[in-house]
Amino acid sequence: MHVDTDGEAATLVVEDDGRGVDRRRIESGLSNVRMRAQELGGATTISSGNDGGTRLCWRVPLSVVDVT
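Note that the structure is a prediction, hence the values are computed from the model and not measured.

Draft legend 1. A look at the overall build of the protein. Across its full length, the protein carries 1 helix and 4 strands. Ordered by position in the sequence, the α and β elements of the protein form the string β-β-α-β-β. Counting only residues that meet the buried cut, the protein has 21% of its 68 residues in that class. Here the analysis covers contacts within the protein between residues at least 6 apart in sequence; of these, 49% occur between residues at least 24 apart.

Put into structure tokens, the structure is as follows:
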């Protein structure tokens, strides 16, 4: 897991080397993560590699992130 900023947005990336995610069966928790990013003007991507593993990238504008 890592968090980064580029002056415009904050990005959170979480990766693992497990089985991956079946896009047809994304649970409500991941759907809620996506919905929250959209509410904040950001976006979420969830991807799985051919050999397994999952990568979740959550990006939101810095204008809505309290960094104090």
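Draft legend 2. Region of the structure containing the sheet that holds strand β2 (residues 9-16). Read across the sheet, 4 strands follow the order β1-β2-β4-β3 without closing on themselves; strand pairing throughout is antiparallel. Only two strands of the sheet have a single partner each, and these edge strands are β1 (2-5) and β3 (43-49). With direction set aside, neighbouring strand axes in the sheet form an average angle of 15°. As judged from the 8 bridges shared by β2 and strand β4 (residues 52-61), these two strands associate in the antiparallel manner. Following the sheet pairing, Ala10 is matched in β4 by Val60.

Draft legend 3. Spotlight on the side chain of Thr11. Structurally, Thr11 can be placed in strand β2. The class for Thr11 is buried, based on a relative accessible area of 14%. In this structure the side chain of Thr11 is engaged in a polar contact, spanning 3.0 Å, whose partner is the side chain of Arg59.

Parameters and conventions
Residues numbered from 1 in each chain as written. Predicted model: local features only at pLDDT ≥ 70, side-chain atom pairs only at ≥ 80, totals over all residues. Heavy atoms only, no water. Helix = DSSP H or I, 4+ residues; strand = E, 2+ residues; numbered from the N terminus. Buried < 20%, exposed > 50% of the residue type's maximum accessible area, 1.4 Å probe, protein only. Contact = heavy atoms within 4.5 Å. Pairing = 2+ DSSP bridges. Axes fitted to C-alpha atoms, helices over the stretch in contact; angles between N-to-C directions. Polar contact = N/O pair within 3.5 Å; in protein donor to acceptor, adjacent residues only side chain to side chain.

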